[in-house]
Amino acid sequence: MRVFQNVEDLGDLRAALAEAAEVKKDRFQFQALGRNKTALLIFFNNSLRTRLSTQKAAMNLGMNVIVLDVNQGAWKLETERGVVMDGDKSEHLLEAIPVMGCYCDVIGVRSFATFENRKDDYEEKILNQFIRYSGRPVFFMESATVHPLQAFADLITIEEYKRKPRPKVVLSWAPHPKALPQAVPNSFAQWMNAADVDFVVTHPEGYELDPKFVGNARVEYDQMKAFEGADFIYAKNWSCPGVTRPEDYGKVLNKDMGWTVDAAHMAVTDNAYFMHCLPVRRNMIVTDDVIESPQSLVIPEAANREISATVVLKRMLESL
Ligand code: AN0
Ligand code: CP
């Protein structure tokens, strides 16, 4: 595997889930694969889980790991061609990327949406430059539009906890004070569409996800109705994707606290599990009692980030 961005990059999803279960039985069984190989993890944005779980995954496989926080200690990077670099940016991405490629065998990159320009974000301008110019396999650690390591971990978690062959999974928008990217809901929708689940998306009007990710998934604007009989509730805030009104891209259009996932919402489900990728703002997205309940899977989900990253790095090492 040379690029890990979309669910299709894993090929057969059942086989990938079986591989994840195999890795989970003994996460150190492939130590020899990574000997004398180096993973470089580049962060343009903050992270707790992705940073730790991906580093751990690389170590499980016997790799060496270098982590670079671009905004702490590296030169400030220009990303546009044609710019006269007389400002505060000392280096261009077009030199920095191949240089980074010299020191590693695989590269992971986190670079969030900037919300400056929908087209640039949805064309994955930054990550595509890493793919093109690094000369290395590249895996997405949350890009402008996708967070596949999270979605893979979420699917592993659903596989582990489902109580029926085809569970009802609901992706629910929830309120948040700041504008957040669409990467997590985009990938979650893409992966659920590929998995064997009954998938429903619920959000206020104006928050329609890009058709490229949401596909033909059922959209229900009445959140309570969407929750009825659900087996898994996956809460997440996202800012306006700008599908119907491009001028609203990246804006916070709604802060309606009626969408916060609380006990009354959970009561209409089929004793559903609660999921969130974290970090989560309590009593905005979800109430204390729901996230602390026995039905909350937020910690097992985070733990499975190590498993999804181990499978992805293993696949990349096998293709070197
Ligand atoms: C990010 C987001 O919503 O995409 C990262 C989530 C994994 N969250 C924040 O920036 C708070
Ligand atoms: N879920 C997730 O990716 O968390 P971090 O932003 O802390 O890496």
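Residues numbered from 1 in each chain as written. Chains lettered and ligands numbered in written order. Predicted model: local features only at pLDDT ≥ 70, side-chain atom pairs only at ≥ 80, totals over all residues. Heavy atoms only, no water.

**Here we look at the sheet that holds strand β7 (residues 138-140)**
(1) Moving on: A sheet is described by the order of its strands in space; here five strands give the open sequence β1-β7-β6-β2-β3, paired in parallel fashion. Two strands bound the open sheet, and with one partner strand each, they are β1 (3-4) and β3 (64-69).
(2) Moving on: Strand direction decides the pairing type here: β1 and β7, joined by two bridges, are parallel. Looking across to β7, one finds that Phe-4 is bridged to Phe-139.
(3) Moving on: Strands in contact with helix α5 (residues 125-133) are β1, β6 (106-110) and β7; relative to β7, the strand with the most contacts, it is inclined by about 160 degrees.
(4) Moving on: Sitting on the sheet, helix α12 (residues 298-318) touches β1, β6 and β7, and the angle it makes with β7 is about 165 degrees. (Pairing = 2+ DSSP bridges. Helix = DSSP H or I, 4+ residues; strand = E, 2+ residues; numbered from the N terminus. Contact = heavy atoms within 4.5 Å. Axes fitted to C-alpha atoms, helices over the stretch in contact; angles between N-to-C directions.)

**Here we look at helix α3 (residues 93-102)**
(1) Moving on: The complete set of buried residues in α3 reads Leu-93, Ala-96, Ile-97, Met-100 and Gly-101. Down the axis of α3, the smallest arc covering the buried residues is 135 degrees, so these residues share one side.
(2) Moving on: Where α3 is buried, its residues touch β2 (38-43), β4 (77-78), β5 (91-92), β6 and α5. (Buried < 20%, exposed > 50% of the residue type's maximum accessible area, 1.4 Å probe, protein only. Arc of directions from axis to C-beta.)

**Digging into the site of ligand 1**
(1) Moving on: Surveying the vicinity of ligand 1 reveals the residues Phe-112, Glu-142, His-147, Leu-180, Pro-181, Lys-236, Cys-277 and Leu-278.
(2) Moving on: Interatomic distance of 2.6 Å between a side-chain N/O atom of Glu-142 and an oxygen atom of ligand 1.
(3) Moving on: A distance of 2.7 Å separates an oxygen atom of ligand 1 from a polar side-chain atom of Lys-236.
(4) Moving on: Isolated, ligand 1 exposes 330 Å² of accessible area, and the fraction of that covered by the protein chains is 81%. (Near = heavy atom within 4 Å. Polar contact = N/O pair within 3.5 Å; in protein donor to acceptor, adjacent residues only side chain to side chain. Areas by Shrake-Rupley, 256 points an atom, 1.4 Å probe, with all protein chains shown as cover.)

**Examining the domain arrangement of the protein chain**
(1) Moving on: Here the protein chain is described as being made up of domain 1 (3-146 + 305-319) and domain 2 (150-301).
(2) Moving on: The C-alpha-based centres of domain 1 and domain 2 are spaced at 25 Å.
(3) Moving on: Residue-level contacts link 29 residues of domain 1 with 32 residues of domain 2.
(4) Moving on: Taking both partners together, domain 1 and domain 2 bury about 2400 Å²; carbon and sulfur atoms supply 62% of that area.
(5) Moving on: The interface formed by domain 1 and domain 2 holds three salt bridges in total.
(6) Moving on: With a shortest N-O distance of 2.9 Å, Arg-118 and Asp-210 are connected by a salt bridge.
(7) Moving on: On the surface where domain 1 and domain 2 come into contact, there are 12 residue pairs in polar contact (both at pLDDT 80 or more).
(8) Moving on: The element that contributes the greatest number of residues to the side of domain 1 that touches domain 2 is helix α1 (residues 13-25), accounting for six residues.
(9) Moving on: Looking at the side of domain 1 that touches domain 2 residue by residue, the class counts come to 16 nonpolar, five polar and eight charged. (Domains from an automatic or database assignment. Buried area = accessible area lost by both parts, 1.4 Å probe. Salt bridge = Lys/Arg side-chain N within 4 Å of Asp/Glu carboxyl O. Nonpolar A, V, L, I, M, F, W, Y, C, P; charged D, E, K, R; others polar.)

**What to know about unusual backbone geometry**
(1) Moving on: In the segment running from Leu-278 into Pro-279, the intervening peptide bond is cis, with an omega of 5 degrees.
(2) Moving on: Assignment of secondary structure puts Pro-279 in the loop between β12 (273-275) and α11 (288-291).
(3) Moving on: Positive phi is not limited to glycine here, since Leu-278 has a value of about 65 degrees.
(4) Moving on: Looking at the element boundaries, Leu-278 is found in the loop between β12 and α11.
(5) Moving on: Here Leu-278 falls in the buried class, since its relative accessible area comes to 15%.

**Examining the packing of aromatic side chains**
(1) Moving on: Applying the stated criterion across every chain, the model contains 12 aromatic pairs.
(2) Moving on: On the basis of an interplanar angle of 15 degrees and a centroid distance of 3.8 Å, the ring pair of Phe-188 and Tyr-234 is categorised as stacked. Here Phe-188, found in helix α7 (residues 183-194), pairs with Tyr-234, found in strand β11 (residues 232-236); they are 46 residues apart in sequence, far enough to count as distant. Of the two residues examined, Phe-188 and Tyr-234, each falls in the buried class.
(3) Moving on: Aromatic ring contacts, followed pair by pair, group Phe-115, Tyr-122, Phe-213 and Tyr-249 into a single cluster.
(4) Moving on: Residue placement shows Arg-118 over the ring face of Tyr-122; its charged tip is 4.2 Å from the ring centre.
(5) Moving on: Across the ring face of Phe-30, the terminal group of Lys-314 is positioned such that the distance to the ring centre comes to 4.7 Å. (Phe/Tyr/Trp six-rings, centres within 6.5 Å; stacked < 30°, edge-to-face > 60°. Lys NZ or Arg CZ within 6 Å of the ring centre and 35° of its normal.)

**So, the nonpolar core**
(1) Moving on: Of all hydrophobic cores here, the largest spans 56 residues; its most connected members are Phe-4, Phe-139, Phe-152, Trp-191 and Phe-199.
(2) Moving on: When residues of this core are assigned to domains, at least three map to each of domain 1 (3-146 + 305-319) and domain 2 (150-301).
(3) Moving on: Those residues in contact with Phe-139 that sit more than four places away from it in its chain are Phe-4, Leu-41, Thr-54, Val-106, Ile-107, Gly-108, Val-109, Leu-149, Val-312, Leu-313 and Met-316. (Core = buried A, V, L, I, M, F, W, Y, C linked by side-chain atoms within 4.5 Å.)

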